[in-house]
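Structural overview
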Amino acid sequence: MERPIAVLAGTPVDTRMGVDYLEQRGIKTLPFPLSRDPREQTSFQISQPEEKQKRTLKILRQAQEQGCERAFVYCNSLSAAVDFPALAEETGMRIVTPMDVYSRLAGRYERLGVIAANAQGLSGIERVMLGANPQLDLLGVSTLPVVLDIEQGLDPGEIVANRHLAALTNWFRSCGMEAMLLGCTHFPYIKKAVENVTELSIIEPAEEMLRILLA
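Keep in mind it's a predicted model, so treat the numbers as computed, not measured.

The strand order β6-β5-β7-β8 describes an open sheet built from four strands, whose pairing is parallel. The sheet is open, and its two borders are formed by β6 (137–142) and β8 (201–203), each paired with just one other strand. Across the sheet, the mean angle from the axis of one strand to that of its neighbour is 25°, orientation sign disregarded. As defined by bridge partners, strand β5 (residues 111–116) adjoins strand β7 (residues 179–183) across five bridges and the pair is classed as parallel. Bridging from a neighbouring strand, Ile115 pairs with Leu182 of β7. In the packing of helix α10 (residues 165–174) onto the sheet, contacts are made with β5, β6 and β7, and the angle to β6 comes to roughly 165°.

Right under this line is the structure:
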């Protein structure tokens, strides 16, 4: 019998996004949100490392009890805030996070813009990408209000307009960025709307994550 893949994310909304992403590809999943909403998740991410590891380990043990041997961490800032490699070693699970993708992406660019949910996610992306490519020029912005809009189910075009994302992409282009990385797993929700207002290439890492997970 096919074993389900545990989907971990910050809130029920982005957990559901991760579940939908995998199930649309015929993959059986079980959802495991760590928090009730984005603000609670941000508070969790800035809590003590021991507490974060303990709480996430408890979730992973619950996933194992339900038959999961692999985990798909569909949250950038959570991936930056928790030591998932250590948890993978402790549990014996195969755990894939967006950070696994960013180290691979780093060598493909010289100048990259990044939009993240919060500074935790942004700093994690910077750490991983510059660790892989110290010559990479990164411009980064954190914008929790966009995440809150997405959680409320607002229209993507409305979000892009109200949060001035066209101006943001224009700024990235004017600074010579080759592409903009969606450094939050909420942001594919607005990807097409962003592409409608810019010629800048938009990078979304989920496909590469899936390839790593299933390899």
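Let us keep going from here.
Let us now look at the packing of helix α6 (residues 98–105) against helix α12 (residues 206–214). Where α6 contacts α12, the two axes come as close as 9 Å, and the packing angle between them is 105°. Between α6 and α12, the angle falls in the class roughly perpendicular. Facing α6, whose interface residues are Pro98, Asp100, Val101 and Arg104, α12 presents Glu208, Met209 and Ile212. Partitioned by chemical class, the residues of the contact of α6 with α12 number four nonpolar, no polar and three charged.

So, about the sheet that holds strand β3 (residues 70–73). The four strands are arranged β2-β1-β3-β4 in an open sheet whose pairing can be described as parallel. Pairing within the sheet leaves two strands with one partner each, and these edge strands are β2 (29–33) and β4 (94–96). Put simply, the sheet's adjacent strands are angled 20° from each other on average, direction ignored. For strand β1 (residues 5–9) and β3, the ladder comprises four bridges, and the chain directions are parallel. Residue pairing for β3: Ala6 is matched across the bridge by Ala71. α12 contacts β1, β3 and β4 of the sheet and is inclined by roughly 170° relative to β3.

This part covers the pattern of salt bridges. Where charged atoms of side chains with opposite charge meet at close range, the side chains can pair. Across all of its chains, the model carries 10 salt bridges by this definition. Two residues, Glu110 and Arg111, come together in a salt bridge whose shortest N-O distance is 3.3 Å. Since its relative accessible area comes to 52%, Glu110 is described here as exposed. The exposure class of Arg111 is partly exposed, given its relative accessible area of 30%. By sharing partners, the salt bridges in this structure join Arg36, Glu40 and Arg55 into a single network.

Turning our eyes to something else, we now look at the pairing of β6. Relative to β6, β5 is paired through six bridges, and the arrangement is parallel. Opposite Gly113, over in β6, you have Leu139 as the bridge partner. Once you follow β5 into helix α7 (residues 119–132) and on to β6, the crossover reads as right-handed.

Here Asn118 lies in the loop between β5 and α7. Side chain to side chain, Asn118 and Gln45 meet in a polar contact 3.1 Å long. Within the local environment of Asn118, its side chain forms a polar contact with the backbone nitrogen of Gly121, the two atoms lying 2.9 Å apart. Apart from residues no more than four positions distant in its own chain, Asn118 is found in contact with Thr42, Gln45, Ser77 and Ser142.

Moving on: the packing of aromatic side chains. Enumeration according to the criterion identifies four aromatic pairs in this entry. For the pair Tyr21 and Phe72, a centre-to-centre distance of 6.4 Å together with 5° between the ring planes defines the contact as stacked. Within this pair, whereas Tyr21 is found in helix α1 (residues 12–23), its partner Phe72 is found in strand β3, the two being separated by 51 residues in sequence. Given a relative accessible area of 0%, Phe72 falls into the buried group. Geometrically, the ring pair formed by Phe72 and Tyr74 is stacked, given 5.7 Å between the ring centres and 20° between the ring planes. Across the pair, Tyr74 and Phe72 agree in class, each one buried. Of the aromatic side chains, those joined through ring pairs into one cluster are Tyr21, Phe72 and Tyr74.

Cut-offs and rules
- Residues numbered from 1 in each chain as written.
- Predicted model: local features only at pLDDT ≥ 70, side-chain atom pairs only at ≥ 80, totals over all residues.
- Heavy atoms only, no water.
- Pairing = 2+ DSSP bridges.
- Helix = DSSP H or I, 4+ residues; strand = E, 2+ residues; numbered from the N terminus.
- Axes fitted to C-alpha atoms, helices over the stretch in contact; angles between N-to-C directions.
- Contact = heavy atoms within 4.5 Å.
- Parallel < 35°, antiparallel > 145°, perpendicular 65-115°, else oblique.
- Nonpolar A, V, L, I, M, F, W, Y, C, P; charged D, E, K, R; others polar.
- Salt bridge = Lys/Arg side-chain N within 4 Å of Asp/Glu carboxyl O.
- Buried < 20%, exposed > 50% of the residue type's maximum accessible area, 1.4 Å probe, protein only.
- Right-handed = clockwise from strand over helix to strand, strands pointing away.
- Polar contact = N/O pair within 3.5 Å; in protein donor to acceptor, adjacent residues only side chain to side chain.
- Phe/Tyr/Trp six-rings, centres within 6.5 Å; stacked < 30°, edge-to-face > 60°.

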